[in-house]
Amino acid sequence: MRDDRIRILAEMGLCIALFAILQYFSIQLPINLFGGSVHLAMVPIVVLALLRGPWVGLAVGALCGCVDLMIDPYISHPVQAVLDYPVAYAMVGSAGFLAPLFRRFMDARKTGVALAVAGVAALLGGFLRFVVHFISGIIFFGSFAPEGQNVWVYSILYNASYLLPSLVATIAVVLVVTPVLYSTIYKERGA
């Protein structure tokens with residue numbers, strides 16, 4: 001039992017380190033009208049959440065958000081900092097709520113269905129992160145909306161401009177990495 005806890009803590013540490021590294025490698029889109037960075041930093045959170053479950057996913061997501069807050073903060077208000085960093089990334093870890101379903105299909109050798117579950121899990125985590133940023137955008141960044149534009153529309157456009165491409169890239173990588181890690185590391189070691 002103690003070894004399992006130590007292993008999970010080590011995996012969380014690796015996840016946070018990989019998250020921090022991936023934050024530095026952003027993808028420049030030819031058209032990005034609003035800003036925000038497109039990167040694969042959500043991948044380690046989603047993968048660990050699918051492999052270890054929702055509570056590990058939520059915890060590692062929140063910790064990754066704290067690391068992002070230390071690396072590249074943009075703070076207009078303390079509540080905005082909490083929303084845009086630990087809460088938003090904890091929502092990515094909510095992908096772990098589909099972990100039992102993912103494991104069940106992987107164990108039954110129904111890889112196609114397991115991949116669909118992994119994709120939906122990543123989509124869920126990314127969508128919930130979007131919702132948190134959307135709310136933060138309305139409350140704290142509405143003043144940046146162009147004259148005459150609805151604040152809600154502005155927040156949707158701004159956040160979707162970088163989160164949607166990030167989410168598509170994240171889903172693609174998760175679909176490749178997660179089944180391999182589950183089959184080679186977790187299932188065979190009985191972790």
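Residues numbered from 1 in each chain as written. Predicted model: local features only at pLDDT ≥ 70, side-chain atom pairs only at ≥ 80, totals over all residues. Heavy atoms only, no water.

### Points about the packing of aromatic side chains
Phase 1 of the analysis: Counted by the stated rule, this structure contains 9 aromatic pairs.
Phase 2 of the analysis: With centroids separated by 5.9 Å and ring planes inclined at 25 degrees, the aromatic side chains of Phe141 and Phe144 adopt a geometry described as stacked.
Phase 3 of the analysis: Three or more aromatic residues joined by ring pairs make a cluster, and in this case those are Tyr74, Phe141 and Phe144. (Phe/Tyr/Trp six-rings, centres within 6.5 Å; stacked < 30°, edge-to-face > 60°.)

### Observations concerning the environment of Arg103
Phase 1 of the analysis: In this structure, Arg103 sits in helix α5 (residues 99–107).
Phase 2 of the analysis: Along the sequence, Arg103 and Arg52 sit 51 residues apart, while their C-alpha atoms lie 9.9 Å from each other.
Phase 3 of the analysis: Not counting the four nearest positions on each side in its chain, Arg103 is found in contact with Leu50, Leu51, Arg52, Gly53 and Tyr182. (Helix = DSSP H or I, 4+ residues; strand = E, 2+ residues; numbered from the N terminus. Contact = heavy atoms within 4.5 Å.)

### A few points about the nonpolar core
Phase 1 of the analysis: The biggest cluster of nonpolar side chains holds 37 residues, and the ones touching the most others in it are Ile45, Val46, Leu48, Leu50, Val60, Phe102 and Val174.
Phase 2 of the analysis: Contributions of two or more residues to this core are made by α1 (2–24), α2 (42–52), α3 (54–71), α4 (78–92), α5, α6 (111–140) and α7 (151–189).
Phase 3 of the analysis: Among the elements that make up this core, the one with the highest residue count is α2 (9 residues).
Phase 4 of the analysis: For Val174, the contacting residues outside a window of four places in its chain are Val43, Val46, Val47, Leu50, Ala118 and Pro179.
Phase 5 of the analysis: Counting 5 residues, the second largest nonpolar core, distinct from the first, contains Val38, Phe130, Phe134 and Tyr162. (Core = buried A, V, L, I, M, F, W, Y, C linked by side-chain atoms within 4.5 Å. Buried < 20%, exposed > 50% of the residue type's maximum accessible area, 1.4 Å probe, protein only.)

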